[in-house]
Amino acid sequence: MISPHTSDSGVIVHVKQSPTGVALDAAAAFQRLAQQAAAMGVPFRVGLSGGSTPKLLYGLLASEPFKSEIAWDNISFFFVDERFVAHDHPDSNYKLANDELFSKVGVNSASVFPMPTEGMTPGEAAAQYEATIRTEFGLEDGDVPEFDLLFLGMGDDGHTASLFPHTALIHEQERLVAAHYVEKVASHRITLTPNVLTSAREAIFTVTGQGKAPVLKQVLEGEENVNEYPSQLMRGATGRVVWLVDKAAAFQLEAEYPHT
Ligand code: 6PG
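Residues numbered from 1 in each chain as written. Predicted model: local features only at pLDDT ≥ 70, side-chain atom pairs only at ≥ 80, totals over all residues. Heavy atoms only, no water.

A. Region of the structure containing the overall build of the protein chain. Each helix and strand in the protein chain was counted, giving nine helices and nine strands. The C-alpha atoms of the protein chain give 17 Å as radius of gyration, which agrees with the globular expectation for 260 residues (18 Å, within 12%). Going through the 260 residues of the protein chain one by one, you find that 56% of them count as buried. Distance between charge centroids for the protein chain: 6 Å, based on 18 positive and 33 negative side chains. (Helix = DSSP H or I, 4+ residues; strand = E, 2+ residues; numbered from the N terminus. Rg over C-alpha atoms; globule rule 2.2 N^0.38 Å. Buried < 20%, exposed > 50% of the residue type's maximum accessible area, 1.4 Å probe, protein only. Lys, Arg positive; Asp, Glu negative; His and termini not counted. Charge placed at Lys NZ, Arg CZ, Asp CG, Glu CD.)

Next comes the structure, spelled out in structure tokens:
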């Protein structure tokens, strides 16, 4: 049974032939949105996720034609989540983005906002990052930032950002940024909270690999169960949610989505 939300909730799914196809579409979307903002003379604020999938995307953005065609000076880079490790640690989401993108396109470090991970507790780091977001977005108390674009991944357990199944932060309603210890990955994580994720003007999921197929079917076509499948939180997004998935991840989906 296909849940109705797949057709009328504004969720857009594109099935690509390969992980490279996914990354190319993600890079093209980034370029289009970043150039629109530059043309309108407004800042472009993007949130980056970690994991392995973004590496292909960063490599494309750091090479031609994207490198020369994107107005990098108009972009501010934030992070969707972070592992609570030093910024030179191999697990650091910041390190991945800096090594594969920022250092290669010459992004001004003043335009990059890493989540702090040293010299304080995870909770203090989350509070500091929330203060940074409030300042950079000019937020009043109670406001929620509207990122122009969030790149999201999905774990094979259905997590997104660092909102893992059966964790309390799935239901966080007050804070914009929070920290928790995640047993499953045995690490402290800092993460944007659900209200921030669902308030983005555009969110792009990049999901590849057969290992993600069973959960992707549940997330896109299964009954609502955000505790089990936190990526389903994005069903409540106010902006556009685009899923860029490769054939391997999509092979259990029942609905017909464009194979582009
Ligand atoms: C992280 C990410 C996380 C990631 C998923 C998918 O810090 O790990 O932000 O949410 O997007 O785990 O990771 P892969 O792209 O490696 O499958």
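B. Highlighting helix H5 (residues 93-105). Look at H5: 17 Å from first C-alpha to last across 13 residues, which is about the 18 Å you get at 1.5 Å a residue. Here H5 has its buried residues at Asn93, Tyr94, Leu96, Ala97, Glu100, Leu101, Phe102 and Val105. Those residues of H5 hidden inside the fold are in contact with strand E2 (44-48), helix H3 (54-61), helix H4 (66-69), strand E3 (75-79) and strand E4 (81-83). Where H5 begins, the side chain of Ser92 points an oxygen toward the backbone nitrogen of Tyr94, at a separation of 3.1 Å. Once H5 ends, the next one or two residues include Gly106, with phi positive near 75°. (Expected span 1.5 Å × (residues − 1). Contact = heavy atoms within 4.5 Å. Polar contact = N/O pair within 3.5 Å; in protein donor to acceptor, adjacent residues only side chain to side chain.)

C. Representation of the site of the ligand. The environment of the ligand is formed by 16 residues, the closest being Ser52, Thr53, Asp81, Ala161 and Lys212. At 2.5 Å from an oxygen atom of the ligand is found a side-chain nitrogen or oxygen belonging to Thr53. A distance of 2.6 Å is found between an oxygen atom of the ligand and a backbone nitrogen or oxygen belonging to Ala161. Coverage of the ligand by the protein chains reaches 89% of its 420 Å² of free accessible surface. Here the shell around the ligand is built from residues that sort into two nonpolar, ten polar and four charged. (Near = heavy atom within 4 Å. Areas by Shrake-Rupley, 256 points an atom, 1.4 Å probe, with all protein chains shown as cover. Nonpolar A, V, L, I, M, F, W, Y, C, P; charged D, E, K, R; others polar.)

D. Quick peek at the packing of aromatic side chains. Counted by the stated rule, this structure contains 14 aromatic pairs. Consider the rings of Phe30 and Phe44, whose centres lie 5.8 Å apart with planes at 75°: the pair is edge-to-face. Of this pair, Phe30 sits in helix H2 (residues 19-40) while Phe44 sits in strand E2; the two residues are 14 residues apart in sequence, bridging distant segments of the chain. With a relative accessible area of 1%, Phe30 lands in the buried category. Aromatic side chains Phe30 and Phe77 sit 6.4 Å apart centroid to centroid with 20° between the ring planes, which places their arrangement in the stacked category. Here Phe30, found in helix H2, pairs with Phe77, found in strand E3; they are 47 residues apart in sequence, far enough to count as distant. Among the aromatic residues, those joined into a cluster by ring pairs are Phe30, Phe44, Trp72, Phe77, Phe79, Tyr94, Phe102 and Phe151. A cation over an aromatic ring shows up here: Arg45 above the ring of Phe137, its NZ or CZ 4.1 Å from the ring centre. (Phe/Tyr/Trp six-rings, centres within 6.5 Å; stacked < 30°, edge-to-face > 60°. Lys NZ or Arg CZ within 6 Å of the ring centre and 35° of its normal.)

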